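Residue strings, one per chain:
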Amino acid sequence: MIDLQNVKKIYENGTRALAGVSLHIDDGEFVFLVGPSGSGKSTIIKVLTAELPMTAGTALVNGFRLEKIKQSSIPFMRRTLGVIFQDFRLIEKKTVFENVAFAMRVIGASEAEIKKRVPYVLELVGLENKGRRLPNELSGGEQQRVAIARALVNNPNMIIADEPTGNLDPARSYEIMMLLEQINALGTTVMVVTHEKELVNRFTKRVVAIDEGKIVSDGMDGYYTYE
Amino acid sequence: MNKHNIGYLVREGVRGVFLHGFMSFAAVCVTVACLIIMGSFSLILFNLSAMVKDLEKENEVLVYIDDSYSEAEAKSVGSQINMIANVYEAKFVSREQALDNFVKEQDDDTLFQGIQAKTFRDRFVVTLVDNTKMAQTVKDIEAVKGVAKVTAHYEISQGFQTVQRVLKIASTAIIAVLLAVSLLIISNTVKLAMYDRREEIAIMRMVGATNGFIRWPFVVEGFLIGIFGGAIAFFMEWGLYDALAAKIASVDSLKLVTVIPFSDVLPVMIAAYALTGFLVGVFGSLLSIRKFLNV
């Protein structure tokens, strides 16, 4: 569950990225966060993942109070989130299996747990036969599926996808969105940050639009109401 | 660190050395170069210090025995002198030997041919364990019954002590500076390797890795690079030293310079190279990774 109240972020150079954002996302929701470039979408993600401290406001992320969080607690907060990026961010020198297993090793999972869970998650994203491949041997869509498997493997409360289809063609983009929808149907909260209007409109989901650091619309009708 | 992770983190560290081959090679080369420079300086200073100590041993104390003592009585005084803690050796020189030595020193000049042995006193030539305690030892010898006079060259002893002190300070300072420079160079080399892998570190952080989890493979990698660099440097130093010692021996026919055999310092050098390699490798990694953990 995410609860942001009047969150502000002003960068050191004086740029006001967030001008009082209040947003509540319940467990199990599927939310699109949309907005033009420079609207503050990326800053919200950085605040939610504690990459950036807030200037003002309060933020509750899966039980962690970000305005008070200790440096040593940040890794544990991040383990409740699965983050997916536009550029996949896979470790090039590790196999698909190792890229996914890596997230489990971080939390101290045993080899037996890893050997049981990773094939299951790879099967879930449709990559059951690609475990031994290196990321650069896969297509863009497959690489994004590996990133989704990595985000999913520790059973996080929430998945945050930052422009997950930005590097993919429309067909692969739709497949990725369908996969995220399936993951959401299994009970995981999903927040997708995107500016792809057509893609958003193909799904009937909650759409939160942001511009100039403020939420300008928040609708449940499934339409991309910004613009 | 979780028990399930120990094996993985060590394996990752070992794998990292080979996976980032060029940077590992660069780090090993820098470590070898720094350790050879440091080791060479240490060995030069060690040899100089040993030479000074040898010279110092030749700074003897002369102990003259009472005129009225017979040769047998004079010899018995020696056992008391030898019992003094700081006395290394007390060598007896009879009046006759003293006369012979004196005449020889004068190139057997006929002028001294008529001198009687009784003009001289029986004496002991005393060498000390520690010349810094010369004054106290001379007092202890003077207190022995039968000792008439003690001659000691304090100024020579003090001169040697000053040279040793200067060498000690200079060697400590040079080694400390070289160690700091080595640490800095190695830390920068490791930093370059880490810059190369900043994306990997960012991914680690994003999936919830603790600083310890991120740090350990780099520490293991630094340790391996340090120990491997230390081992190569040690064997190269050994070869260079032996070659130099052989060259000096072939040139210095008068044996003016005594080079300590490398085998005499072998255990110390093994320990020093292993420890320094370990320290620069591990601390170099720890210093360089700090910057990348602040995201």
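Below: a short report on this structure.

Cut-offs applied
- Residues numbered from 1 in each chain as written.
- Chains lettered and ligands numbered in written order.
- Predicted model: local features only at pLDDT ≥ 70, side-chain atom pairs only at ≥ 80, totals over all residues.
- Helix = DSSP H or I, 4+ residues; strand = E, 2+ residues; numbered from the N terminus.
- Buried ≥ 20, exposed ≤ 12 C-beta atoms within 10 Å, placed from the backbone.
- Contact = placed C-beta atoms within 7 Å.
- Nonpolar A, V, L, I, M, F, W, Y, C, P; charged D, E, K, R; others polar.
- Pairing = 2+ DSSP bridges.
- Axes fitted to C-alpha atoms, helices over the stretch in contact; angles between N-to-C directions.
- Parallel < 35°, antiparallel > 145°, perpendicular 65-115°, else oblique.
- Expected span 1.5 Å × (residues − 1).

## Quick word on the overall build of chain B
(1) Moving on: Across its full length, chain B carries nine helices and four strands.
(2) Moving on: By the burial criterion, 28% of the 295 residues in chain B qualify as buried.
(3) Moving on: Partitioning the contacts of chain B with sequence separation of at least 6, the portion at a separation of at least 24 is 86%.

## Digging into the interface of chain B and chain A
(1) Moving on: Contact residues are listed per partner, giving 15 residues for chain B and 19 residues for chain A.
(2) Moving on: Counting residues per element, the ones that place at least two in the side of chain B that touches chain A are helix 1 (3–19) and helix 7 (198–206) of chain B.
(3) Moving on: Among the residues forming the side of chain B that touches chain A, the class breakdown is nine nonpolar, five polar and one charged.

## Focus on the sheet that holds strand 2 (residues 87–93) of chain B
Residue and element names in this part refer to chain B.
(1) Moving on: Reading across from one edge, 2-3-1-4 is the order of the four strands in this open sheet, with antiparallel pairing throughout. In this open sheet, the two strands that pair with only one neighbour each are strand 2 and strand 4 (147–151). For this sheet, the mean angle separating the axes of adjacent strands, direction not counted, is 25°.
(2) Moving on: Strand direction decides the pairing type here: strand 1 (residues 61–65) and strand 4, joined by four bridges, are antiparallel.

## Re the packing of helix 2 (residues 21–57) of chain B against helix 6 (residues 154–196) of chain B
Residue and element names in this part refer to chain B.
(1) Moving on: The contact between helix 2 and helix 6 brings their axes to 9 Å, and the two run at 175°. Taken together, the axis directions place helix 2 and helix 6 in an arrangement best described as roughly antiparallel.
(2) Moving on: For the contact of helix 2 with helix 6, a count of residues per class yields 25 nonpolar, seven polar and two charged.

## Some words on the sheet that holds strand 4 (residues 56–61) of chain A
Residues and elements named next belong to chain A.
(1) Moving on: Ordered in space as 2-1-4-5, the four strands form an open sheet in which the pairing is antiparallel. Every interior strand has two partners, whereas the edge strands, strand 2 (16–25) and strand 5 (64–65), have only one.
(2) Moving on: Strand direction decides the pairing type here: strand 1 (residues 2–10) and strand 4, joined by five bridges, are antiparallel. Within the sheet, the bridge partner assigned to Ile2 lies in strand 4 and is Val61.

## Description of the environment of Trp238 of chain B
(1) Moving on: Of note, Trp238 of chain B is situated in helix 8 (residues 211–251).
(2) Moving on: Residue classification places Trp238 of chain B among the partly exposed positions, given that 18 C-beta atoms sit within 10 Å.

## Quick notes on helix 5 (residues 140–152) of chain A
Residues and elements named next belong to chain A.
(1) Moving on: Its 13 residues give helix 5 an end-to-end C-alpha distance of 18 Å, which sits within 8% of 18 Å, the value for a rise of 1.5 Å per residue.
(2) Moving on: Here helix 5 lies mainly inside the structure; 10 of its 13 residues are buried.
(3) Moving on: Listing the buried residues of helix 5 in full gives Gln143, Gln144, Arg145, Val146, Ala147, Ile148, Ala149, Arg150, Ala151 and Leu152.
(4) Moving on: Next to the buried residues of helix 5 lie strand 6 (81–85), helix 3 (96–106), helix 4 (111–124), strand 7 (158–162) and helix 6 (170–185).

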